[in-house]
Amino acid sequence: MSEERDANIQEFKLEPDCELRFEVESKNEKVILELKSGMAEVFGTELVKGKGYVFTTGAKVAVFTWQGCVIELRGKTDVSYVAKETPVVMYLNAHAALEQLRKKAETENSRGPVTMIVGPMDVGKSTLCRLLLNYAVRMGRRPILVDLDVGQGQISVPGTIGALLVERPAAVEEGFSQQAPLVYHYGHKSPSTNLALYNMLVSRLAEVISERMQANRKANASGVIINTCGWVKGDGYKQLTHVAQAFEVDIILVLDQERLYNELVRDMPTFVKVVFLPKNGGVVERSQSARAEARDARVREYFYGLRTPLYPHSFDVRFSDAKIYKIGAPALPDSCMPLGMKAEDNLTKLVAVTPGPNLLHHLLAVSFAASVEEDVIQSNVAGFVCVTNVDMERQSMTVLSPQPRPLPKTLLLLSDIQFMDSH
Ligand code: ADP
């Protein structure tokens, strides 16, 4: 037994500027990371010496050191190796350039850099966002993270876009603290499903953030880091240029793809600085199923927590008390539309949903809008519940909810995203 445990302890001595990469793949596996000596960071968050950081199945981690260090891993890793070649110095240079712009904004009391990170799937966009935000907050800045990647969703759950004021470095195992995020319900895992709605929400989010920055001098000078979807071709490219326009971005960091870089250099106005950055060789490509699993894990974490457990509530809601809508009616050809309406208008229309078995396992967004008279689609959401049971006989449904019991008559918005509660 103890022999087996010993076999699962690995020690790594890292030279300066090196990175230890490891993955936890086996089911129900736990790997504990400990910094024994020296200094090291995980995606820009400094490790505390002697503290055990716990990583579970699905984790793909890099521990980088500027000064050199000794690291211990306890538990079964499926991959673990030290890499000498990393682009982290280039990422640090990008951070330094942003910091110059923040200093300038601070003295001039103007807006700090709004930076957008683009690239195909699995090139480390989210990771670079996290690194840049961590470095900024470690310098005393208060930058805003905007996440437009509806497929994964670092903020809230998949199927949403949102923003977060970053006030402290990301927790090593759990990421950024989610206090009072600004969240908009989109409802699908790809922007392509309803591009009209996606673009509308992006514009709305940009507007609200601009207002909030004007009211918060520190955040204003610190700027924004925008994470985007990996959909970069055709309409995907157009969607990216819309984001750039809506947020009036100053800088676009293009990860990995030269073609995308060249297109953006060609199409962006000259005051937008487009910068190419290589991807980190350690970034792991995820299969379709790994991505679905990550989505699922994100929803589970939303309800149940990760390191710090959360205790969600479960209760029944009568159909007669629920006002459920979805956004977007099936598209009709323009010729079938009432005079003066375009087919696209249908995609951003509120449609009442008749409750029934169709709701089972779906997430429902709890809107801040009190009635359909308000602009429900462009209102942000308070959070999500998940339908865990539908009882047609009693005309009610059971929902899982982070909150005790939402106000009766709450407006709920149906999401495509499903979650099987196995607790
Ligand atoms: P994208 O946002 O472009 O889809 P992510 O930033 O989410 O990519 O990275 C994909 C996966 O690779 C994540 O699980 C992340 O933790 C992992 N990863 C990122 N950088 C490294 C690295 N240097 N070494 C090992 N794994 C990494």
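Quick summary incoming for the structure in this document. Only a predicted model underlies this, so the values are computations on that prediction, with no experimental measurement involved.

1. Observations concerning the site of the ligand
Phase 1: Looking at the ligand, there are 17 residues lining it, with E19, K60, K125, S126 and T127 nearest.
Phase 2: K60 places a polar main-chain atom, nitrogen or oxygen, 2.8 Å from an oxygen atom of the ligand.
Phase 3: For the ligand, the accessible surface in isolation is 560 Å², of which the surrounding protein chains cover 90%.
Phase 4: Secondary-structure elements contributing two or more residues to the shell around the ligand are β2 (18-23), β7 (60-65) and α3 (125-138).
Phase 5: Each residue belonging to the shell around the ligand can be placed in one class, and the counts come to 6 nonpolar, 5 polar and 6 charged.
Phase 6: Formed jointly, the shell around the ligand draws a minimum of three residues from each of two domains, domain 1 (9-85) and domain 2 (87-277).

2. Brief notes about the packing of aromatic side chains
Here the distance between the centres and the angle between the planes together describe a pair of aromatic rings.
Phase 1: By the definition in use, this model includes 7 aromatic pairs.
Phase 2: Taking 5.5 Å as the distance between ring centres and 75° as the angle between the ring planes, the aromatic pair formed by Y186 and Y198 counts as edge-to-face. Linking Y186 in the loop between β13 (182-185) and α4 (195-214) with Y198 in helix α4, this pair joins segments that are 12 residues apart in sequence. Y198 matches Y186 in its accessibility class, with the two residues each being buried.
Phase 3: With a centroid separation of 6.1 Å and 20° between ring planes, the pair formed by F303 and F419 is classed as stacked. Of this pair, F303 sits in helix α8 (residues 288-304) while F419 sits in the segment after β23 (411-418), placing them 116 residues apart in sequence. For the pair formed by F303 and F419, the shared burial category is buried.
Phase 4: The rings of Y302, F303, F384 and F419 are connected pair by pair, giving a single aromatic cluster.

Each value, and the rule that gives it
- Residues numbered from 1 in each chain as written.
- Predicted model: local features only at pLDDT ≥ 70, side-chain atom pairs only at ≥ 80, totals over all residues.
- Heavy atoms only, no water.
- Near = heavy atom within 4 Å.
- Polar contact = N/O pair within 3.5 Å; in protein donor to acceptor, adjacent residues only side chain to side chain.
- Areas by Shrake-Rupley, 256 points an atom, 1.4 Å probe, with all protein chains shown as cover.
- Helix = DSSP H or I, 4+ residues; strand = E, 2+ residues; numbered from the N terminus.
- Nonpolar A, V, L, I, M, F, W, Y, C, P; charged D, E, K, R; others polar.
- Domains from an automatic or database assignment.
- Phe/Tyr/Trp six-rings, centres within 6.5 Å; stacked < 30°, edge-to-face > 60°.
- Buried < 20%, exposed > 50% of the residue type's maximum accessible area, 1.4 Å probe, protein only.

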